[in-house]
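The residues making up each chain are set out below.
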Amino acid sequence: MDYKILDEEIKTIGREIVRYAPRLGLDTEKLLYLNQDIMKDFKPRFTQGIYLFTETEYNELSSFIAARELIERDAAAEVFIANAGGKGSPGFAHWAERLGKSIGPGRVRPLHIPLPPQTKDSWVNTYSESEALINFALKEERKIWYIVAPPFHLLRAFMTAASSSIRKGSEISFYAYPGAPQKWDEFVTHSQGTVKDTRRNLIGKELEGIKKYARVGHIEPPQNIMYYMNKRKTSL
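(A) Here's a closer look at the overall build of the protein. Scanning the protein from N- to C-terminus turns up eight helices and seven strands. What you see for the protein is a C-alpha radius of gyration of 16 Å, in line with the 18 Å of a compact globule of 236 residues. Principal-axis analysis of the C-alpha atoms gives the protein an extent of 45 × 45 × 35 Å. Residues classed as buried in the protein amount to 52% of the 236 residues present. Only carbon and sulfur atoms are counted for the fraction: they give 50% of the accessible area of the protein, which is about 11,000 Å². Side-chain charges in the protein split into 34 positive and 29 negative, and the spacing between the mean points of these groups amounts to 2 Å.

As structure tokens, this is what we get:
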């Protein structure tokens, strides 16, 4: 990980937080601190799993590169991805094949995302993935994980996963690892393929998501996420 480039990524995201958060009634200062803490999160030497949040094909390479970095560091033995696609997602088979070529097929494992009754085809989302991941982690007693997502998505992804752990009252420790940088001004699809914009502008939409899902209890306030990060276990 190039920390000079990482600092530039943090600055880019920070500018968009300053731009959008006040309009949305979000706490700009806390989100700025939280984003920096997440992007520069503590790096455990070894974890019991790496989870890659589902992305569209436009953004998947960012996560694949990060996963390879972690595997090359022996930071975990296995990488988990959602066992099913949703609208806009390439699906498990596509990701398992492409990721397997990079890190070895024996290291890629599926995470089962339960299909709710009477659901539509976009049930795989950041919240459903986080809930499935925390339930799996508890069942398997895998207490320390890396969470991987592209930089523009990492803030909401990590907040959602951490919130799932907080709500369960668990001792599961998630650590953030940002995906590799991609062009900020490239037009891409995101969010079940329903949103198309530049990655830079998608930061604003991610903040809208944080506000929306905080209202329904899926995402804890920034101060609760900060507290969670401070009390995590750093070793098995």
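(B) Quick look at the side chain of S173. The topology assignment puts S173 in strand β5 (residues 173-178). By relative accessible area, which is 2% here, S173 ends up buried. With near-sequence residues (within four places) excluded, S173 lies in contact with K143, I144, W145, Y228, R232 and K233.

(C) Spatial organisation of the side chain of N35. Among the secondary structure elements, N35 is positioned in helix α2 (residues 28-39). The exposure class of N35 is buried, given its relative accessible area of 2%. In this view, N35 contacts I10, I13, I17 and L155; residues no more than four positions away in its chain are not counted.

(D) Layout of the packing of helix α6 (residues 151-168) against helix α7 (residues 199-215). One way to put it is that α6 packs onto α7 with a least axis distance of 8 Å and a crossing angle of 15°. Comparing their axes, α7 and α6 come out roughly parallel. Crossing of α6 against α7: the hand is left-handed. In this structure, α6 contributes F152, H153, L155, R156 and M159 to the contact, and α7 contributes R199, L202, I203, E206, L207, G209, I210 and Y213.

(E) Representation of the pattern of salt bridges. In this structure the tally under the stated criterion is 13 salt bridges. In this structure, R232 and D41 form a salt bridge, with 2.7 Å as the shortest nitrogen-oxygen distance. Linking R232 in the segment after α8 (222-231) with D41 in the loop between α2 and β1 (50-52), this pair joins segments that are 191 residues apart in sequence. Like D41, R232 is buried. In this structure, a network of salt bridges that share partners links the residues E78, R109 and R142.

(F) Local environment of the sheet that holds strand β2 (residues 79-82). Spatially, five strands are ordered β3-β2-β1-β4-β5 in an open sheet, and the strand pairing comes out parallel. At either margin of the open sheet sits one strand with a lone partner, and together these are β3 (108-111) and β5. Shown here is a sheet whose adjacent strand axes are inclined to one another by a mean of 30°, direction ignored. Alignment of β2 against β3, held across four bridges, turns out to be parallel. Residue pairing across strands places I81 opposite P110, the latter belonging to β3. Across the sheet, helix α5 (residues 126-140) is in contact with β1, β2, β3, β4 (144-149) and β5; its angle to β3 comes to roughly 110°.

(G) Fine view of unusual backbone geometry. Its identity is not glycine, yet D74 carries a phi of approximately 60°, on the positive side. Assignment of secondary structure puts D74 in the loop between α3 (60-72) and β2. A positive phi angle is found at E141, which is not glycine, with a value near 55°. Within the fold, E141 resides in the loop between α5 and β4. Classification of E141 as exposed rests on a relative accessible area of 62%.

Each value, and the rule that gives it
Residues numbered from 1 in each chain as written. Predicted model: local features only at pLDDT ≥ 70, side-chain atom pairs only at ≥ 80, totals over all residues. Heavy atoms only, no water. Helix = DSSP H or I, 4+ residues; strand = E, 2+ residues; numbered from the N terminus. Rg over C-alpha atoms; globule rule 2.2 N^0.38 Å. Buried < 20%, exposed > 50% of the residue type's maximum accessible area, 1.4 Å probe, protein only. Areas by Shrake-Rupley, 256 points an atom, 1.4 Å probe, with all protein chains shown as cover. Lys, Arg positive; Asp, Glu negative; His and termini not counted. Charge placed at Lys NZ, Arg CZ, Asp CG, Glu CD. Contact = heavy atoms within 4.5 Å. Axes fitted to C-alpha atoms, helices over the stretch in contact; angles between N-to-C directions. Parallel < 35°, antiparallel > 145°, perpendicular 65-115°, else oblique. Left-handed = near helix turned anticlockwise from the far one by under 90°. Salt bridge = Lys/Arg side-chain N within 4 Å of Asp/Glu carboxyl O. Pairing = 2+ DSSP bridges.

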